[in-house]
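# Structural overview for review
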Amino acid sequence: MAKNIYVGNLPWSCTEEELRTAFETYGEVHSVKLVNDRETGRPRGFGFVEMEDQGALEAIENLDGSNFGGRNIKVNEARPRPERPRW
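Residues numbered from 1 in each chain as written. Predicted model: local features only at pLDDT ≥ 70, side-chain atom pairs only at ≥ 80, totals over all residues. Heavy atoms only, no water.

## Some thoughts on the sheet that holds strand β6 (residues 74–77)
Short version of the rule: A pair of strands is treated as paired once DSSP finds two or more bridges between them. The helix count covers DSSP runs of H or I at least four residues long, the strand count covers runs of E at least two residues long, and both are numbered beginning at the N terminus. All axes are obtained by fitting lines to C-alpha atoms, using only the stretch in contact for helices, and the reported angles, taken between N-to-C directions, cover 0 to 180 degrees. When checking whether two residues touch, look at their non-hydrogen atoms; a contact exists if any pair is within 4.5 Å.
The strand order across the open sheet built from 4 strands is β2-β3-β1-β6, with neighbouring strands paired in antiparallel fashion. A strand with exactly one partner marks an edge of an open sheet, and here the two such strands are β2 (29–36) and β6. Across the sheet, the mean angle separating the axes of adjacent strands is 20 degrees when strand polarity is ignored. As paired strands, strand β1 (residues 2–8) and strand β3 (residues 43–52) are joined by 7 bridges and run antiparallel to one another. Residue pairing for β3: Gly 8 is matched across the bridge by Phe 46. With respect to the sheet, helix α1 (residues 16–24) is in contact with β1, β2, β3 and β6, its orientation differing from that of β2 by roughly 140 degrees. Contacting β1, β3 and β6, helix α2 (residues 53–63) runs over the sheet at an angle of about 140 degrees to β3.

If you want it as structure tokens, here you go:
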């Protein structure tokens, strides 16, 4: 089963390929998604990586707080987005 991992405090210049490479050290990466601002299209500094359970746990443990592109990244298991009312 795959786990979804939140990765925050990423440098603005980070690419999906760079993030994939960093996480592939710990196991097979199914997908990488960097989040961009809807209006400007600029990076928002966070993203999500989906990978197998065991590799995901190792990646979280080893990469949380590590230096990535000059910034200490935050890595943890992604939580479901809370429901927001649609007006």
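Let's pick the thread back up.
## Regarding the packing of aromatic side chains
We apply this condition: For Phe, Tyr and Trp, rings pair up if their centres lie within 6.5 Å, where Trp contributes its six-membered ring, and each pair is then called stacked (planes under 30 degrees apart), edge-to-face (over 60) or tilted (otherwise). The buried label applies to any residue whose accessible area, calculated with a 1.4 Å probe on protein chains only, is under 20% of its type's maximum; exposed applies above 50%, and partly exposed to all values in between. Sitting over a ring, as applied to charges here, requires NZ of Lys or CZ of Arg to be within 6 Å of the ring centre and within 35 degrees of the ring normal.
Counted by the stated rule, this structure contains 3 aromatic pairs. Ring plane angle 35 degrees and centroid distance 5.9 Å describe the contact between Tyr 6 and Phe 46, whose orientation is recorded as tilted. Of this pair, Tyr 6 sits in strand β1 while Phe 46 is found in strand β3, placing the two residues 40 residues apart along the sequence. Of the residues examined, Tyr 6 reaches a relative accessible area of 26% and is grouped as partly exposed. Ring geometry for Phe 46 against Phe 48: centres 6.1 Å apart, planes inclined by 85 degrees, an arrangement best described as edge-to-face. Residue classification places Phe 48 among the partly exposed residues on the basis of a relative accessible area of 26%. Against the face of Trp 12 rests Arg 71, its NZ or CZ located 5.9 Å from the ring centre.

## Structural notes on the UniProt feature "domain: RRM" (unreviewed entry) in the chain
Just so we agree on the cut-off: UniProt positions are given in the numbering used here, feature names are shortened, and annotations may be inferred rather than shown by experiment.
Following the UniProt record, one finds the feature "domain: RRM" (unreviewed entry) at residues 3–80. When the span residues 3–80 is considered, its composition is 26% helix and 41% strand, and the gap between its end C-alpha atoms is 12 Å.

## Observations regarding the environment of Phe 23
Here Phe 23 shows up in helix α1. Residues Phe 23 and Val 49, spaced 26 residues apart in sequence, show a C-alpha to C-alpha distance of 8.1 Å. Contact partners of Phe 23, with chain neighbours within four places excluded, come to Ile 5, Val 7, Val 29, Val 49, Met 51, Ala 59, Leu 63 and Val 75.

## Here we look at the pattern of salt bridges
It is possible for side chains of opposite charge to pair when their charged atoms get near one another. Using the following cut-off: A pairing counts as a salt bridge when a side-chain nitrogen of Lys or Arg comes within 4 Å of a carboxyl oxygen of Asp or Glu.
Here the structure, examined in full by the defined rule, presents 2 salt bridges. For Glu 77, the salt bridge identified is with Lys 3, shortest N-O distance 3.6 Å. Note that Glu 77 is positioned in strand β6 and Lys 3 in strand β1, a separation of 74 residues in sequence. We classify Lys 3 as buried; its relative accessible area is 18%.

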